[in-house]
Amino acid sequence: MKVVTGVVGNDIHVVANRLIELSLNARGYEVFNLGVNTYLEEFFDAVVETGAEVLLISSLNGEAEGWSREVKLLKAKYKHLDNLIMMIGGNLVVGSANAEDIIPKYKNYGFDIVCHQVDLNTGLDLLESFIKDREVKDRDTKESNE
Ligand code: B12
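These lines cover the structure that appears in this document, whether it is placed above or below. Please read these numbers as outputs of a predicted model, since none were measured by experiment. (Residues numbered from 1 in each chain as written. Predicted model: local features only at pLDDT ≥ 70, side-chain atom pairs only at ≥ 80, totals over all residues.)

**Let's talk about the nonpolar core**
Here's step 1: Within the largest apolar cluster, 30 residues are counted, with the highest numbers of intra-cluster contacts made by Leu-55, Met-87 and Ile-88.
Here's step 2: Sort the elements by how many residues they give to this core and strand β3 (residues 54-59) lands first, with four residues.
Here's step 3: Apart from the residues within four sequence positions on either side, Met-87 is in contact with Val-54, Leu-56, Phe-111, Asp-112, Ile-113 and Leu-127. (Core = buried A, V, L, I, M, F, W, Y, C linked by C-beta atoms within 7 Å. Buried ≥ 20, exposed ≤ 12 C-beta atoms within 10 Å, placed from the backbone. Helix = DSSP H or I, 4+ residues; strand = E, 2+ residues; numbered from the N terminus. Contact = placed C-beta atoms within 7 Å.)

**Here's the deal with unusual backbone geometry**
Here's step 1: Positive phi, close to 55 degrees, is recorded for Asn-37, a residue that is not glycine.
Here's step 2: If you trace the backbone, Asn-37 turns up in the loop between β2 (30-33) and α2 (40-50).
Here's step 3: Here Gln-117, not a glycine, exhibits a phi torsion of approximately 50 degrees, which is positive.
Here's step 4: Mapped onto the secondary structure, Gln-117 falls in the loop between β5 (113-116) and α6 (120-145).

Spelled out as structure tokens, the structure:
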């Protein structure tokens, strides 16, 4: 499965980004790492170019919140991205806030999986469960249509 990843906005924290690439590779994903300082349009361009099924965005300095408000608009502009799995993690606000407040906000922005200050392995386990659940749902829908 193909994954596009990177750090959104003017964020230069690179260490987690490298770890994410290594961990995704170790779990068998094909990774397209756009690195730090990546704008939303660049993520979506890369998803279209590579045919990736997953977009995994990091934010460490918290500026993701500003950028994420554009997600729905951009997704609509790029079209054919309805099945794209959108995941975001790291530090998802500037300063501090509770995950219970942050998660619904980001889901409303259009993300499927939101990991505020969640360690990488736990986050990647969540991604795997999400993919498995979706496969089961898709199979059930296909069978009920036959
Ligand atoms: C090193 C560092 C820097 C270095 C970065 C060097 C580099 N090129 O990487 C320098 C000194 C340049 C820097 C600058 C700044 N930094 Co800084 N920095 C740090 C520091 C000390 C460590 C970050 C790090 O590498 N950790 C190691 C990695 C492995 O851990 P991690 O980043 O936490 O990532 C883990 C998880 O977040 C998670 N994860 C990350 N992404 C994702 C995605 C998904 C989907 C999932 C599931 C998990 C996940 O997985 C990783 C492994 O478990 C942190 C504080 C800290 N102790 O964490 C502050 C910190 C990130 N920085 C911070 C800030 C504010 C800044 C500056 C704005 C400071 C300033 N006023 O100039 C600038 C921003 C510059 C910019 N344009 O982005 C804040 C952000 C706070 C916030 N969000 O509100 C922090 C948290 C410090 C603090 N407590 O205030 N920084």
